[in-house]
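Each chain, letter by letter, is given below.
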Amino acid sequence: HLSPGTEWGLMGLSVAVAAFGIFLAWRFYGPGKELERGAAVAQRFPRIHRLLVNKWYVDELYDKLVVRPLAAVSRFLWKVVDTILIDGAIQVGAFITELTGDLGRFSTTGNVRNYALYFFLGVVALFWWLLV
């Protein structure tokens, strides 16, 4: 922990730096000096002027480091995970259900002899499975 004197000193220093920045801004861009002084500073320090005009390139950096990667991940999740894996699994399940229903429809004739045959074939398959 810092002592109270150090804290007060750091607070005073930060206020002094802020006041100095306000003073410089007033001197450079005070009433009647906006355009001339701004143009002179832009000509004298073109790189700094370009950096400040482009807002320290924060938007470009944010776009490159955050927006584009998140858009790529989102596109991958949408196209691959959602469309292929999730929707594909649902469509496969629906197809198997439809196929099972179609096969079941052919075996459901209402004829008792067919039901007895299916039961007999099931018992034979069960015994074969137990023996093997």
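Everything discussed here concerns the structure shown above.
Residues numbered from 1 in each chain as written. Predicted model: local features only at pLDDT ≥ 70, side-chain atom pairs only at ≥ 80, totals over all residues. Heavy atoms only, no water.

Peer 1: So what exactly am I meant to see when it comes to the packing of aromatic side chains here?
Peer 2: The description of an aromatic ring pair uses the distance of the two centres, along with the angle that the planes make with each other. Scanning all chains against the criterion turns up zero aromatic pairs. Across the ring face of Trp-78, the terminal group of Lys-79 is positioned such that the distance to the ring centre comes to 4.1 Å. Here Arg-105 stacks its cationic end above the ring of Phe-106, 5.1 Å away from the centre of that ring. (Phe/Tyr/Trp six-rings, centres within 6.5 Å; stacked < 30°, edge-to-face > 60°. Lys NZ or Arg CZ within 6 Å of the ring centre and 35° of its normal.)

Peer 1: It is not clear to me how the pattern of salt bridges should be interpreted in this structure. Could you clarify?
Peer 2: Side-chain pairing between opposite charges can occur once the charged atoms of the two side chains come close. Enumeration over the complete set of coordinates arrives at three salt bridges. The partner of Asp-59 in a salt bridge is Lys-55, and the shortest N-O contact between them spans 3.2 Å. Residue Asp-59 is classed as partly exposed on the basis of its relative accessible area, which comes to 46%. Residue Asp-102 pairs with Arg-105 through a salt bridge whose shortest N-O separation is 3.7 Å. Here Asp-102 and its partner Arg-105 are both found in helix H4 (residues 58-107), three residues apart, which amounts to about one turn of the helix. (Salt bridge = Lys/Arg side-chain N within 4 Å of Asp/Glu carboxyl O. Buried < 20%, exposed > 50% of the residue type's maximum accessible area, 1.4 Å probe, protein only. Helix = DSSP H or I, 4+ residues; strand = E, 2+ residues; numbered from the N terminus.)

Peer 1: Looking at this structure, I do not really get unusual backbone geometry. What am I missing?
Peer 2: For Lys-55, which is not glycine, the phi dihedral falls at a positive 55°. Here Lys-55 is to be found in the loop between helix H3 (46-53) and H4. In this structure, Trp-56 is a non-glycine residue whose phi angle is positive, near 60°. Residue classification places Trp-56 among the exposed positions, given a relative accessible area of 58%.

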